[in-house]
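Per-entry structural report
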Amino acid sequence: MAANLVIVESPAKAKTIEKFLGKDFSVKSSFGHIRDLSKKNFGIDIENGFEPQYIIPDEKKKVVTELRQSAAKASTVWLASDEDREGEAIAWHLMEVLGLKPEKVKRIVFHEITKEAILKAIENPRPVKMELVNAQQARRVLDRLVGFELSPVLWKKVKPALSAGRVQSVAVRLLVEREREILAFKQSSSYRITALFEVAGAGSETSKFRAELPKRFRTNKEAMEFLEKCREAVYTITDISTKPLKKSPSPPFTTSTLQQEAGRKLGFSVSQTMTLAQRLYEAGKITYMRTDSVNLSASALASAAGVIKSEYGDRYLKIRKYKTKTRGAQEAHEAIRPTYLEKRNEGANSAEQRLYELIWKRTVASQMSDAQFEKTNVTVDISTATDNFTASGEVLKFEGFLRVYVESTDDEQEENGASLLPPLKKGDNPNALEITATERFTQHPPRYTEASLVRKLEELGIGRPSTYAPTISTIQNRGYVVKEDRQGRERSYNILSMDSSGNISQNKRTETAGREKAKLFPNDIGMVVNDFLVDNFKDILDYNFTATVEQEFDHIAEGKLSWPEMIGKFYAPFHKKVEHTLETTERRQGERLLGVDPQSGKNVYVKIGRFGPMAQIGETGDDEKPRFASLRKEQRLETITLEEALELFTLPRKLGKYEDKEVVSGIGRFGPYIRHDNKFVSLKKDIDSPWSVDLDRAVELIEEKRKADREKIIRIFDEPEGLSILNGRWGPYISYEKKNYRIPKNIDPAGLDSEACMKIIKNQSDKATKKKKK
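Residues numbered from 1 in each chain as written. Predicted model: local features only at pLDDT ≥ 70, side-chain atom pairs only at ≥ 80, totals over all residues. Heavy atoms only, no water.

1. Examining the nonpolar core
Core analysis: the biggest nonpolar cluster contains 124 residues, and Phe 110, Leu 154, Leu 355, Leu 453, Leu 533 and Phe 537 have the highest contact counts within it. Here the element with the most residues in this core is helix α5 (residues 130-157); it accounts for 10 residues. By size, the runner-up hydrophobic cluster in this structure holds 28 residues, among which are Val 380, Ile 382, Ile 435 and Ala 437. (Core = buried A, V, L, I, M, F, W, Y, C linked by side-chain atoms within 4.5 Å. Buried < 20%, exposed > 50% of the residue type's maximum accessible area, 1.4 Å probe, protein only. Helix = DSSP H or I, 4+ residues; strand = E, 2+ residues; numbered from the N terminus.)

This is the structure in structure tokens:
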């Protein structure tokens, strides 16, 4: 056994580090945390200073045993978990559980997994910093108390199996408030006036340019009146101004900006980005990926300078030292960057390579010169009106950092990009080839993407680099929020056009409005839970409270605050509020009265039921039981109408007869269906609806299912009973005793007899048994 044992938290990290150390070092993985809070009694001794009650989970006992054995044989144990608070806590737990004496332990940290960084860390060990451990424990204990106390309140007052959390509930609140803004938004329209001008050039040549009226007209009549004024107008260029502009590059990536940009440029989810970044870090390709620092080390700056000079030239180089502006920045001491900037392409697969390239470009661009533009603004006077047209154009004089990288944005507003302008001079009289008044509509506030939600959380000081991805994953996994695309709806708009002869025409056109891509939508249960928590636990859901808690964690990490004192100050009033809410608050289901059912004369409600949002006809306490129907996926408690709710009760629908048997459409446990001859056929998702499908379409689906069933069966054996060869989604397979067995590719399924089938089953069963034992 090697004299030195190095313990890291992941096998991939262990594999990379082992390559840099000699035979005197053995590198093992703890596979993350080796112990956690017990589920019993919150896992916290509330009466004894909130002492955490840690246990070793069953799945970690084998790892702990192996690490104990290895540690006992080593003369020195090097704890090399990540350099943030979570990593410091892992190191402390290892010391505690493995029973390591302080004189035998050395804590090392590094923000990149390179040979130089590892050897430097070994030369500069330090003890475990208990301040960082205490900050992590404080976060864990506080989140456990909030989650374990609030969740049972939701079970009793809203719906079973719900959960609440300190940060996740605030994230849901942001989404719910934005959705309510959108629902309350009143759209208005106005007319945007643009003109295409032609101006004489040298000789017989002419040039064209576009201009726009700065003001907009509220009504069709006002826009028409303006065009009428322009019939006999003379246009004169009265002013041309030119000024230089420059654009500077963005700083290198922090965790949040990497998540945002990978979402915008690559379409990656926040959790996908962090998984890929973790792999790149553990493979030694990039620096530590949980950081809110934009700083670059001296060696990184020198490396960037070398790359820029050799690839682009001295003119493109401008060394910059960025300062972190994020409140409480503390996770690491350097931005996310490639460990070796000389390496342009890295990564084990396409996704890793694309993320690495993004990081490389952003890092290199951050040390490049400003992009330089020349912007020209032109004013065109209208002789018959007091308004003027304006045109603007940009010329890129020096591309600078834009040669490597352009940052994306979340801006969804209309783009009015400047374009190139032809040579123009003051006093020119351009001809109007066309003037157009286009009806445009105000846009509701944009819904959040994962990237823009991360940005908002960071702006509010809620969470830290290590919490963004888990928070966004949790609110989706809990069913409070869904990430999806929505197709939008068709709407018409007016266009008024005047040609060069002064003829005015008016046309209607259509466009798709409200299309959404990968946006976060709170669902009904998320909105009801949010309303309940905001009404009863306003402090916990307050943005400033959550940000203040993060600052208190920072103070604990700096040794300025006692964590039991901080938790105690919060818990006493919080616990009292929980008890008060359980005793006094009515059950909350988001119930809404829509009106009266004209057939029965009974009230129609929508609310949250045991299985989700539903409509109800009748009262719960009546002798005659009420009728229930689930809401459709796209329907919402806050916006559904009485007519839409009543339509839900039309299922099951009788469509007619086929082969003298009734055909019925409905919704069952596994979704929308057609039932015929006591057999069920699923309706096609996003194509068929049980409310609108007709008999012809139902027959088509029935016959499709029959054909698929016929083609599925290759052979059925009499002996042994239940043995068959079938066609499946991934090819032919053997089915026996409710288990499936793959048929090797080199074997013809039709040529198999029962004996050959049983031999394949035995071989695969034996392999599975050996694998399980191993």
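2. Details of the pattern of salt bridges
Following the criterion strictly, the structure yields 56 salt bridges and no others. A salt bridge links Arg 126 to Glu 88, with the nearest nitrogen and oxygen atoms 2.8 Å apart. Taken together, the positions of Arg 126 in the loop between α4 (115-123) and α5 and Glu 88 in helix α3 (residues 85-98) put the pair 38 residues apart, joining distant regions of the chain. (Salt bridge = Lys/Arg side-chain N within 4 Å of Asp/Glu carboxyl O.)

3. Observations concerning the environment of Asp 524
On the secondary structure map, Asp 524 appears in helix α14 (residues 524-536). Asp 524 sits in the buried class, given a relative accessible area of 4%. As for Asp 524 and Glu 96, which are separated by 428 residues in sequence, their C-alpha atoms are 45 Å apart. Every residue in contact with Asp 524, bar those within four places of it in the chain, is listed here: Ile 608, Pro 613, Leu 631, Gln 635, Arg 636 and Leu 637. (Contact = heavy atoms within 4.5 Å.)

4. Quick notes on the sheet that holds strand β20 (residues 603-609)
One open sheet accounts for four strands, arranged β19-β20-β21-β22; its pairing is antiparallel. Taken across any chain shown, the strands that pair with only one partner, and hence form the sheet edges, are β19 (592-596) and β22 (627-630). The average undirected angle you get between the axes of adjacent strands in this sheet is 25°. As paired elements, β19 and β20 share four bridges and run antiparallel to each other. Each bridged residue has a counterpart across the sheet, and for Leu 593 the counterpart in β20 is Tyr 605. (Pairing = 2+ DSSP bridges. Axes fitted to C-alpha atoms, helices over the stretch in contact; angles between N-to-C directions.)

5. Considerations on empty space enclosed by the protein
All told, the structure shown has two cavities of 30 Å³ or more when counted by the stated rule. In this structure, the second largest cavity encloses a volume near 50 Å³. Forming the boundary of the second largest cavity are Ser 163, Ala 164, Gln 168, Ser 169, Val 172, Tyr 480, Gly 526, Val 529, Asn 530, Leu 533 and Leu 541. For the lining of the second largest cavity, the elements supplying multiple residues, two or more each, are α6 (168-184) and α14. Per-element tally for the lining of the second largest cavity: the top contributor is α14, with four residues. Tallied by class, residues from the lining of the second largest cavity come to six nonpolar, five polar and no charged. (1 Å grid on protein atoms, 1.4 Å probe; cavity = no way out; pocket = protein on both sides within 12 Å on 5 of 7 lines; lining within 4 Å. Points joined across faces, edges and corners; volume = space filled by probe spheres on them. Nonpolar A, V, L, I, M, F, W, Y, C, P; charged D, E, K, R; others polar.)

6. Details of the confidence of the model for the protein
Scored by pLDDT, the protein has a mean of 91; 97% of the residues are at 70 or more. Across the protein, element-level confidence peaks in helix α11 (residues 350-365) with a mean pLDDT of 96 and bottoms out in helix α19 (residues 754-773) with 88. (pLDDT = per-residue confidence, 0-100.)

7. Points about the packing of aromatic side chains
A complete count under the given rule lists 17 aromatic pairs for this structure. Ring centres 6.2 Å apart and planes at 50° place the aromatic pair Tyr 312 and Tyr 316 in the tilted group. Judged by its relative accessible area of 15%, Tyr 312 is buried. Given a relative accessible area of 10%, Tyr 316 falls into the buried group. Ring geometry for Phe 537 and Phe 574: centres 6.3 Å apart, planes at 55°, overall tilted. Of this pair, Phe 537 sits in the loop between α14 and α15 (543-557) while Phe 574 is found in helix α16 (residues 563-584), placing the two residues 37 residues apart along the sequence. The buried category is assigned to Phe 537, whose relative accessible area is 3%. According to the relative accessible area criterion, Phe 574 is buried, its value standing at 5%. Joined through ring pairs, the aromatic side chains of Phe 197, Phe 209, Phe 217, Phe 226, Tyr 235 and Phe 389 make up one cluster. The residue whose ring lies beneath Arg 35 is Trp 92, and the NZ or CZ to ring-centre distance is 5.4 Å. (Phe/Tyr/Trp six-rings, centres within 6.5 Å; stacked < 30°, edge-to-face > 60°. Lys NZ or Arg CZ within 6 Å of the ring centre and 35° of its normal.)

8. Looking at α19
Note: α-helices contain 3.6 residues per turn, so residues at a spacing of three or four share the same orientation. Along its 20 residues, α19 runs 29 Å from first to last C-alpha, staying within 8% of the 28 Å computed at 1.5 Å per residue. For α19, the full list of buried residues reads Cys 757, Ile 760 and Ile 761. Relative to the axis of α19, the buried residues are bounded by an arc of 100° and lie together on one face. Facing away from the buried side of α19 by over 90 degrees, the exposed positions are Glu 755, Lys 759, Lys 762, Lys 770 and Lys 773. (Expected span 1.5 Å × (residues − 1). Arc of directions from axis to C-beta.)

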